[in-house]
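Listed below are the residues making up each chain.
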Amino acid sequence: MYEHASVATGTPMTFAAFVPEHKAGEKLPVLFYLSGLTCTHANVMEKGEYRAACAKHRIIFVAPDTSPRGADLDGNHVPDAAEEYDFGQGAGFYVNATQGAWSQHYRMRSYIEDELPKVVGELLPAADLDRQAITGHSMGGHGALTIALRNPGRFASVSAFSPIVAPSQVPWGQKALGRYLGEDQVAWREYDAVALIENGARVDHILVDQGAADNFLDEQLRTHLLAEACEQAGIYADIRMQEGYDHSYFFIATFMEDHIAWHARHLGG
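The rules we used
Residues numbered from 1 in each chain as written. Predicted model: local features only at pLDDT ≥ 70, side-chain atom pairs only at ≥ 80, totals over all residues. Heavy atoms only, no water. Core = buried A, V, L, I, M, F, W, Y, C linked by side-chain atoms within 4.5 Å. Buried < 20%, exposed > 50% of the residue type's maximum accessible area, 1.4 Å probe, protein only. Helix = DSSP H or I, 4+ residues; strand = E, 2+ residues; numbered from the N terminus. Expected span 1.5 Å × (residues − 1). Bend = angle between axes of the 7 residues up to and from the residue. Contact = heavy atoms within 4.5 Å. Polar contact = N/O pair within 3.5 Å; in protein donor to acceptor, adjacent residues only side chain to side chain. 1 Å grid on protein atoms, 1.4 Å probe; cavity = no way out; pocket = protein on both sides within 12 Å on 5 of 7 lines; lining within 4 Å. Points joined across faces, edges and corners; volume = space filled by probe spheres on them. Nonpolar A, V, L, I, M, F, W, Y, C, P; charged D, E, K, R; others polar. Salt bridge = Lys/Arg side-chain N within 4 Å of Asp/Glu carboxyl O. Arc of directions from axis to C-beta.

## A few points about the nonpolar core
In terms of nonpolar packing, the biggest core is built from 66 residues, with Val-62, Phe-93, Ile-134 and Tyr-180 touching the most fellow members. Among the nonpolar cores identified, the runner-up in size contains 23 residues, and Phe-18, Tyr-249, Phe-255 and Leu-267 belong to it.

Next comes the structure, spelled out in structure tokens:
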């Protein structure tokens, strides 16, 4: 695990990384993994079953935290909604907040898009940032899709496990975007994969695995909206409904090897 002082959030930030064995001076592609609500880097690093696949395909795996936490760099408490699992610390939604106290530190978009890759390049000499891919789970799947769509050409590939595909249309997203960004729903669209595609954003291909027995599927995830948007936009989307699987890390661990192999093909790994 690495900790550094973040300019984007004004707080200490942590991320974990797995670096396969490699020769001195060798460069390896990087796969960023964004976690979901209530998670830290630890969830996927302990339960994600990524090591063997990353070692086989020679890919660096980087997992950041989901929000700023604790105290900022001046020792002041970072705002939180401790009684709400789906807002505040652990629920940064990968946005740059604009409202009230949230706007000072909840700048996860800038952290993931701009600062983290530079820090990874400084701390991990083997990281080849000309070969990046991104994936994530649930809220992190939302983050992966929106970041890739907003940054065409940066990522060789994007995938997601059980992503929130249209946060503007579901309770988790409406709550978070409304309180982080305000009531103007036009501002929400750049943090909504379906809306970004409707507005003209494009990637070449998307891989999504979704558990058919996921209890959040109908109300919060609504995977069919992404399938419909991609079909209308001509984006190749391999959206696989997996029978019998739920929202858990058992589901992620089962299909993680498939995702890493898929990214490796696009990364040249």
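## What about helix α4 (residues 108-123)?
Given 3.6 residues to a turn, an α-helix orients residues that are three or four positions apart in the same direction. Its 16 residues place the ends of α4 only 20 Å apart at the C-alpha level, less than the 22 Å of an ideal helix rising 1.5 Å per residue. Largest kink in α4: about 45 degrees, centred on Glu-115, with the proline Pro-117 one to four residues after it. Contacts made by the buried residues of α4 are with β1 (2-5), β2 (12-18), β3 (28-34), β4 (60-64), β5 (127-136) and α5 (139-150).

## Thoughts on the side chain of His-247
Inspection of the secondary structure puts His-247 in the loop between β8 (236-242) and α10 (249-267). Polar contacts involving the side chain of His-247 include one to the side chain of Asp-214, which spans 2.5 Å. Discounting chain neighbours no more than four positions away, the residues touching His-247 are His-137, Ser-138, Ser-162, Asp-214, Phe-216 and Leu-221.

## Describing the layout of surface pockets
Over the atoms a probe the size of a water molecule is rolled, and this reveals where empty space is left. In this structure, the largest pocket spans a volume of roughly 190 Å³. In terms of lining residues, the largest pocket is bounded by 14 residues, among which Leu-37, Thr-38, Cys-39, His-137 and His-247 are the most central. In terms of residue class, the lining of the largest pocket is made up of six nonpolar, seven polar and one charged.

## Details of the pattern of salt bridges
As enumerated under the stated definition, the model contains 12 salt bridges in all. Arg-109 is paired through a salt bridge with Glu-190; the nearest N and O atoms lie 2.4 Å apart. Of the two residues, Arg-109 sits in helix α4 while Glu-190 sits in the loop between α6 (171-181) and α7 (193-198), which places them 81 residues apart along the sequence. Using a relative accessible area of 19% as the deciding quantity, one classes Arg-109 as buried. Here Asp-258 makes a salt bridge to Arg-240, at a shortest N to O gap of 3.5 Å. One end of the pair, Asp-258, is in helix α10; the other, Arg-240, is in strand β8, with 18 residues separating them in the sequence. Overall, Asp-258 belongs to the partly exposed group, its relative accessible area being 37%. Overlapping salt bridges bring together Glu-84, Asp-86, Lys-175 and Arg-179 as one network.

## What about α6?
Every buried residue belonging to α6 is among Trp-172, Gly-173, Ala-176, Leu-177, Tyr-180 and Leu-181, and all of these are buried. Projected down its long axis, α6 carries its buried residues within an arc of 100 degrees, all on one side. Close packing links the buried residues of α6 with α3 (102-105) and α8 (217-221).

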